[in-house]
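Chain residues, written in single-letter form:
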Amino acid sequence: MSASQPPRSPRSPEPPESPRGTDAPTLLVKIFGKDRPGITAGLFDTLAAYAVDVVDIEQVVTRGRIVLCALVSSPEPGGTTEGDLRATVHSWAESLKLQAEIISGTGDNRPRGYGRSHVTVLGHPLTAESTAAIAARITSTGGNIDRIFRLAKYPVTAVEFAVSGTATEELRTALATESADIGVDIAVMSAGLSRRAQRLVVMDVDSTLIQDEVIELFAAHAGCEDEVAAVTEQAMRGELDFEQSLHARVRLLAGLDVSVVDKVRSEVRLTPGARTLIRTLKRLGYQVGVVSGGFTQVTDDLKERLGLDFASANTLEVVDGKLTGRVVGDIVDRAGKARLLRSFAEQAGVPLAQTVAIGDGANDLDMLNTAGLGVAFNAKPVVRQAAHTAVNVPFLDTVLYLLGITREEVETADGVVVD
């Protein structure tokens, strides 16, 4: 060693050519048994006597049983032996009625492959058969499952797979087919920091944020439900476009007293999980908006009640306290919803890649395809096929799991005791 290079202490960081590099001897220490406080501290206190370095740690507790894995460097040559370490760890584990396994090897985990993705699975219930099918399909694309953990146990079982080794789009296409075959919701998104970056979430209203179709609530008060339903059917058959069908249905409301607006507002039923979704997103710094082919007379009220940042819809014209049967201003149609998403994103200072759109009908397709993540919520088949992912359970807050937010995090934020 030259005079210009002072000797390093045994605990100094090693240079790149150190024997503790990729080919350095390591030990995988596995501990499993009944969980209790102090196991992790006890294991590493035991290992500390051998001056080993910690390379990796993984710990999982399932139904009160712990699996703790520690990848550590082998003891330094010339000091205590690997045999001494093994004997001491086994003795410590036995004293706590735990099992220990120690495996010799070299280096760290192999590098993860390219194309890292998050695969979120929603089951109601999640069966062993469907889980096997999902894992097999991931493998068939060349993907490797690096980690699995549970996001939620109710109202659905939500599980996330961390996958590497295959392109996200290829994986999404393969699992979309599997999802339809086994009846389980599967969402595939690229891994990265942007997943939890500040975002904008924009939702459709009718049959998404709320359980109702607002035009039908107005029609019930006007006594023209059948006529409105007939026009809706024409639109669904492609005989009328959205704007034509909107005008045709609104004309049937002509003469209705404006006092009906308050009655309709009181009749609106939020979708289960809607409040939880919005409250959680807002606490995480997200901005939330709604766009609707319905009416501002309802969406403005929802904006105020739910603390939304943005809301846009069509406006029913009122003259002398009566609905005229006309709408005023620009029509919010399929193209209009996508345009409003872009406008909201610009106002919020959020790039489109970090926006989420949620909707159920063909009128939402442009918006779903414009967003960074388009979620079809209990949607028509054509919408499910075109969206990035689909949720087919009746709980709107399950969208949180697609963003990697766990049920425990939601309940902790709400001050709920989580068992």
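Residues numbered from 1 in each chain as written. Predicted model: local features only at pLDDT ≥ 70, side-chain atom pairs only at ≥ 80, totals over all residues. Heavy atoms only, no water.

You'll find the chain entered in an unreviewed UniProt entry as Phosphoserine phosphatase, with Streptomyces sp. gb1(2016) given as the organism. Its UniProt record, at the heading Sequence similarities (unreviewed entry), says of the chain: "Belongs to the HAD-like hydrolase superfamily. SerB family." The UniProt entry for the chain carries the following comment under Cofactor (unreviewed entry): "Mg(2+)". (UniProt positions renumbered as here; feature names shortened; annotations may be inferred.)

Undergrad: Got a minute to help me understand the overall build of the chain in this structure?
TA: Assigned secondary structure in the chain consists of 15 helices and 15 strands. Within the chain, residue pairs in contact and separated by at least 24 positions form 66% of the contacts whose partners lie at least 6 positions apart. For the chain, the accessible area works out to roughly 20600 Å², and carbon and sulfur atoms hold 52% of it. (Helix = DSSP H or I, 4+ residues; strand = E, 2+ residues; numbered from the N terminus. Contact = heavy atoms within 4.5 Å. Areas by Shrake-Rupley, 256 points an atom, 1.4 Å probe, with all protein chains shown as cover.)

Undergrad: Help me out: how do you make sense of a negative patch on the surface in this one?
TA: On the surface, a cluster of negative charge is made up of Glu216, Glu225, Asp226 and Glu227. The dominant element in the negative patch, judged by the number of residues it contributes, is helix α6 (residues 225–236), at three residues. Inspection of the secondary structure assignment puts Glu227 in helix α6. Classification of Glu227 as partly exposed rests on a relative accessible area of 40%. (Patch = residues over 30% accessible without salt bridge, like charges linked within 9 Å, V, L, I, M, F, W, Y side chains within 5 Å. Salt bridge = Lys/Arg side-chain N within 4 Å of Asp/Glu carboxyl O. Lys, Arg positive; Asp, Glu negative; His and termini not counted. Charge placed at Lys NZ, Arg CZ, Asp CG, Glu CD. Buried < 20%, exposed > 50% of the residue type's maximum accessible area, 1.4 Å probe, protein only.)

Undergrad: Even after reading the chapter, I still don't get the UniProt feature "active site" (unreviewed entry) in the chain, so can you show me in this structure?
TA: Within this structure's numbering, the places UniProt gives as "active site" (unreviewed entry) are Asp204 and Asp206. As for its position among the elements, Asp204 is in the loop between β9 (200–203) and α5 (214–222). With relative accessibility at 4%, the residue Asp204 sits in the buried group. Setting aside residues no more than four positions away along its own chain, Asp204 makes contact with Leu209, Val291, Ser292, Lys337, Ile358, Gly359, Asp360, Asp364 and Met367. At 3.2 Å, the side chain of Asp204 forms a polar contact with the side chain of Thr208. Position of Asp206 relative to the elements: it lies in the loop between β9 and α5. The contact partners of Asp206, leaving out residues within four places of it in the chain, are Asp212, Glu213, Val214, Ser292 and Asp360. (Polar contact = N/O pair within 3.5 Å; in protein donor to acceptor, adjacent residues only side chain to side chain.)

Undergrad: How should I be thinking about the environment of Asp414 in this particular structure?
TA: Within the element layout of this structure, Asp414 appears in the segment after α15 (407–413). Owing to a relative accessible area of 26%, Asp414 belongs among the partly exposed residues under this scheme. Linking Asp414 and Thr280, residues 134 residues apart in sequence, is a C-alpha distance of 8.5 Å. What Asp414 contacts, discounting residues up to four positions off in sequence, is Arg279 and Arg283.

Undergrad: What exactly am I supposed to notice about the pattern of salt bridges here?
TA: Once their charged atoms are close, side chains differing in charge can pair, the charge on each being opposite to the other. For the structure on display, the rule yields 17 salt bridges. Residue Arg86 pairs with Glu82 through a salt bridge whose shortest N-O separation is 3.0 Å. Residue Arg86 and its partner Glu82 are located together in helix α2 (residues 82–95), separated by four residues, close to a single helical turn. Between Asp366 and Arg334 there is a salt bridge; the shortest N-O distance is 2.9 Å. With Asp366 in helix α12 (residues 365–370) and Arg334 in helix α11 (residues 334–348), this pair connects stretches of sequence that are 32 residues apart. The exposure class of Asp366 is partly exposed, given its relative accessible area of 26%. A network of salt bridges, in which partner residues are shared, links Asp204, Lys337 and Asp364.

Undergrad: Explain the side chain of Thr271 to me, please; I cannot follow it from the model alone.
TA: Within the secondary structure layout, Thr271 lies in the loop between α8 (260–267) and α9 (274–283). A polar contact is formed between the side chain of Thr271 and the backbone oxygen of Thr208, at a distance of 2.7 Å.

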